[in-house]
Amino acid sequence: MTISNPIFSTKICRYDAEALREAALLIRAGEPVAVPTETVYGLAADATDSNAVAAIYAAKGRPSFNPLIVHVADREMAQGLALFSPSANGLADRFWPGALTMVLPVREDSGLSPLVMAGLPTVALRLPAHPAMRALIRESGRPLAAPSANRSGSISPTRADHVLASLNGKIRLILDEGPTSEGLESTIAAPEQDRIRLLRPGPVTAAMLEEATGLPVISGTDAKIEAPGQLESHYAPSKPVRLNALNAEKDEYLIGFGLMPCHMNLSAEADVGEAAANLFAALHLADASAAARIAVAPIPGDGIGAAINDRLRRAAA
């Protein structure tokens with residue numbers, strides 16, 4: 001699929017060896033490429049090239065004080081970029097590759113663009129599980145800065161067509177390997193000597209972090225932005241969002257949970273994991289509907305439900 005634009009022609013390519021080579025060439029030329037991970041689609045560019053990182057911010061319209069996650073192909077690459085404490089190594093042993101991002105002290109010799117850290121002494125690192133993202137890192141030979149592949153603050157993309165709807169004409173290539181499996185952005189945690197600070201809830205829950213390290217997990221941060229996803233208004237549709245809705249009011253598109261009448265159900269079986277995987281796709285459908293407003297049913301707050309409610313609260317802000 002190709003849609004023309006006076007700026008770029010944005011192309012969707014099914015992920016295969018040829019598309020991977022094309023994407024890696026664009027990365028090495030300093031251009032961002034949309035690529036799937038197990039969480040959401042990311043907008044990836046060379047994390048060591050300030051011009052390439054600036055191209056991410058420009059394509060997304062993202063504020064430059066909001067740091068980016070750097071994706072790596074293996075632990076060796078990660079350890080060349082940041083300093084790992086014993087608790088950080090323990091979390092990496094348990095959750096990498098996977099949906100955990102760790103905020104760690106950046107190495108002075110990391111070679112990363114300062115734009116990635118947004119002026120902070122730390123870097124957010126993730127070793128993703130999705131083969132397409134890891135293959136692109138290896139093929140390009142670069143660590144890849146990759147926020148979600150959408151306009152800043154809007155609904156995160158879990159399919160290639162979500163990326164196209166948001167960034168058409170802003171980037172040249174979208175690698176398509178179907179819907180993402182997790183459907184929510186990664187958990188972000190800052191491991192410290194005697195505790196883990198949970199900066200963004202996600203698929204790796206607070207209970208899982210505590211079980212893996214034996215350390216207490218505290219939520220919340222200082223007022224400053226130190227990781228992605230901390231802006232008060234984020235993941236937002238273009239329409240007003242009403243939470244904890246038990247039925248649809250006039251002109252509302254109702255996103256349901258459990259057995260209830262609704263326009264789209266996140267999980268008729270009331271499974272929060274299934275709801276997480278479907279959340280952003282449901283918000284995209286609701287935003288594209290004829291309804292003027294969006295309503296969302298109550299979602300339990302335990303386990304990954306904490307991450308779902310975090311995204312919904314910011315979407316409604």
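Residues numbered from 1 in each chain as written. Predicted model: local features only at pLDDT ≥ 70, side-chain atom pairs only at ≥ 80, totals over all residues. Heavy atoms only, no water.

Attention now moves to the overall build of the protein chain. Assigned secondary structure in the protein chain consists of 10 helices and 16 strands. Taking 20 Å as the expected radius of gyration for a compact globule of 317 residues, we find that the protein chain reaches 19 Å, a close match to that expectation. Each principal axis of the C-alpha distribution contributes one length, and for the protein chain these read about 55 × 50 × 35 Å. Of all 317 residues assigned to the protein chain, the portion counted as buried reaches 56%. Of the contacts made within the protein chain by residues no fewer than 6 positions apart, 67% connect residues no fewer than 24 positions apart. Each charge sign in the protein chain was given a centre, from 28 positive and 34 negative side chains, and these centres are 4 Å apart. (Helix = DSSP H or I, 4+ residues; strand = E, 2+ residues; numbered from the N terminus. Rg over C-alpha atoms; globule rule 2.2 N^0.38 Å. Buried < 20%, exposed > 50% of the residue type's maximum accessible area, 1.4 Å probe, protein only. Contact = heavy atoms within 4.5 Å. Lys, Arg positive; Asp, Glu negative; His and termini not counted. Charge placed at Lys NZ, Arg CZ, Asp CG, Glu CD.)

In this structure, Phe 84, Trp 96, Leu 100, Met 102, Val 123, Leu 125 and Leu 209 are the most contacted members of the largest nonpolar core, which totals 48 residues. Looking at this core, the elements that each hand over two or more residues are strand E4 (41–46), helix H2 (50–60), helix H4 (86–95), strand E6 (100–105), helix H5 (114–117), strand E7 (122–126), helix H7 (160–167) and strand E11 (196–200). For this core, the element with the most residues is H2, which contributes 5 residues. Among residues more than four places away in sequence, those in contact with Met 102 are Phe 84, Ala 88, Leu 91, Ala 92, Trp 96, Val 123, Ala 124, Leu 125, Ala 189 and Pro 191. In terms of nonpolar packing, the next biggest core, distinct from the first, is built from 26 residues, Val 40, Tyr 253, Leu 266 and Val 296 among them. (Core = buried A, V, L, I, M, F, W, Y, C linked by side-chain atoms within 4.5 Å.)

This part takes up the pattern of salt bridges. Counted by the stated rule, this structure contains 16 salt bridges. Residues Glu 22 and Lys 11 are paired through a salt bridge, measuring 2.8 Å at the closest nitrogen-oxygen approach. Note that Glu 22 is positioned in helix H1 (residues 17–28) and Lys 11 in strand E2 (residues 10–14), a separation of 11 residues in sequence. Residue Glu 22 is classed as partly exposed on the basis of its relative accessible area, which comes to 29%. Here Lys 11 falls in the partly exposed class, since its relative accessible area comes to 29%. Salt-bridge contacts for Arg 142 lead to Asp 46; the nearest nitrogen and oxygen are separated by 3.0 Å. (Salt bridge = Lys/Arg side-chain N within 4 Å of Asp/Glu carboxyl O.)

Over the atoms rolls a probe the size of a water molecule, and its path tells where empty space is left. The computed volume of the largest pocket comes to approximately 170 Å³. Lining of the largest pocket is provided by Arg 151, Ser 154, Ile 155, His 162, Ala 165, Ser 166, Ala 236, Pro 237, His 284, Asp 287 and Ala 288. Secondary-structure elements contributing two or more residues to the lining of the largest pocket are H7 and helix H9 (272–288). Classifying every residue of the lining of the largest pocket gives 5 nonpolar, 4 polar and 2 charged. (1 Å grid on protein atoms, 1.4 Å probe; cavity = no way out; pocket = protein on both sides within 12 Å on 5 of 7 lines; lining within 4 Å. Points joined across faces, edges and corners; volume = space filled by probe spheres on them. Nonpolar A, V, L, I, M, F, W, Y, C, P; charged D, E, K, R; others polar.)

This part covers the confidence of the model for the protein chain. Interpreting fine coordinate detail is not advised for predicted regions of low pLDDT. Averaged over every residue, the pLDDT of the protein chain is 92; the share at 70 or more is 92%. Scored below 50 in pLDDT, residues 1–6 makes 14 contacts in the model with residues more than four places away or belonging to other chains. (pLDDT = per-residue confidence, 0-100.)

Both faces of the sheet carry side chains from a regular strand, because those side chains alternate between them. Most of E6 sits out of view: 5 of its 6 residues are buried. Here 3 bridges tie E6 to strand E10 (residues 187–191), and the two strands are oriented parallel to one another. Bridging from a neighbouring strand, Met 102 pairs with Ala 189 of E10. Relative to E7, E6 runs antiparallel, the two being bridged by 4 bridges. (Pairing = 2+ DSSP bridges.)

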